[in-house]
Amino acid sequence: MSEKMTVTFYRKESTWFGYKVEVDAKTNEEAMEKIKDYDYEQIEIVDEECDGTEGYGVFYFPDGTEIDERE
């Protein structure tokens with residue numbers, strides 16, 4: 001049985017953007033992998049410009065876990 005979780009994450013494009021997305025995953029690690037493979041449904045852009053470095057930024061999970069992938 002699949003479970004959906006709502007995750008907010010930040011990614012560098014032309015500038016930093018924050019996204020709230022729905023991911024079909026059972027664990028935070030599985031959700032991160034699916035997000036990096038663009039396997040999610042976008043709910044909304046939560047922050048159109050924010051500070052950070054190249055690549056992915058911070059992932060915020062429904063269980064309160066935060067994973068920071070900034071260098």
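Residues numbered from 1 in each chain as written. Predicted model: local features only at pLDDT ≥ 70, side-chain atom pairs only at ≥ 80, totals over all residues. Heavy atoms only, no water.

1. Focus: the overall build of the protein
Here is step 1 of the chain: A count of helical and extended segments in the protein gives one helix and five strands.
Here is step 2 of the chain: Listing the helices and strands of the protein from first to last along the sequence gives β-β-α-β-β-β.
Here is step 3 of the chain: A burial count over the protein gives 35% of its 71 residues as buried.
Here is step 4 of the chain: Restricting the contact set of the protein to residue pairs at least 6 apart, pairs at least 24 apart contribute 48%.
Here is step 5 of the chain: For the protein, the exposed area adds up to about 4,600 Å²; of that, 41% sits on carbon and sulfur atoms. (Helix = DSSP H or I, 4+ residues; strand = E, 2+ residues; numbered from the N terminus. Buried < 20%, exposed > 50% of the residue type's maximum accessible area, 1.4 Å probe, protein only. Contact = heavy atoms within 4.5 Å. Areas by Shrake-Rupley, 256 points an atom, 1.4 Å probe, with all protein chains shown as cover.)

2. Overview of the packing of aromatic side chains
Here is step 1 of the chain: Going through the model one piece at a time under the given rule, you end up with six aromatic pairs.
Here is step 2 of the chain: Ring geometry for Phe 59 versus Phe 61: centroids 6.3 Å apart, planes at 10°, classification stacked. For the pair formed by Phe 59 and Phe 61, the shared burial category is buried.
Here is step 3 of the chain: Grouped by ring-pair contacts, the aromatic residues Phe 9, Phe 17, Tyr 19, Tyr 40, Phe 59 and Phe 61 constitute a single cluster. (Phe/Tyr/Trp six-rings, centres within 6.5 Å; stacked < 30°, edge-to-face > 60°.)

3. Overview of the confidence of the model for the protein
Here is step 1 of the chain: For the protein, mean pLDDT is 84; residues scoring 70 or higher make up 83% of the total.
Here is step 2 of the chain: Looking over the protein, one finds the lowest element-wise mean pLDDT in strand 4 (residues 56-60), namely 85, and the highest in helix 1 (residues 28-36), namely 93. (pLDDT = per-residue confidence, 0-100.)

4. Thoughts on helix 1
Here is step 1 of the chain: Regarding helix 1, the residues found buried are Asn 28, Ala 31, Met 32 and Ile 35. Buried residues of helix 1, viewed axially, fall in a sector of 100°; they line one side.
Here is step 2 of the chain: Buried residues belonging to helix 1 abut strand 1 (4-12), strand 2 (16-24), strand 4 and strand 5 (66-68). (Arc of directions from axis to C-beta.)

5. Focus on the nonpolar core
Most often, soluble globular proteins keep nonpolar side chains buried together rather than apart.
Here is step 1 of the chain: Counting 15 residues, the largest nonpolar core has Val 7, Phe 9, Val 21, Val 23, Ile 35 and Phe 59 as the members making the most contacts within it.
Here is step 2 of the chain: Mapped onto this core, the elements with two or more residues apiece are strand 1, strand 2, helix 1 and strand 4.
Here is step 3 of the chain: Of the residues forming this core, the biggest block, four residues, is contributed by strand 2.
Here is step 4 of the chain: Apart from residues lying up to four places away in sequence, Val 23 is in contact with Glu 3, Lys 4, Met 5, Val 7, Ala 31, Lys 34, Ile 35, Asp 39 and Tyr 40. (Core = buried A, V, L, I, M, F, W, Y, C linked by side-chain atoms within 4.5 Å.)

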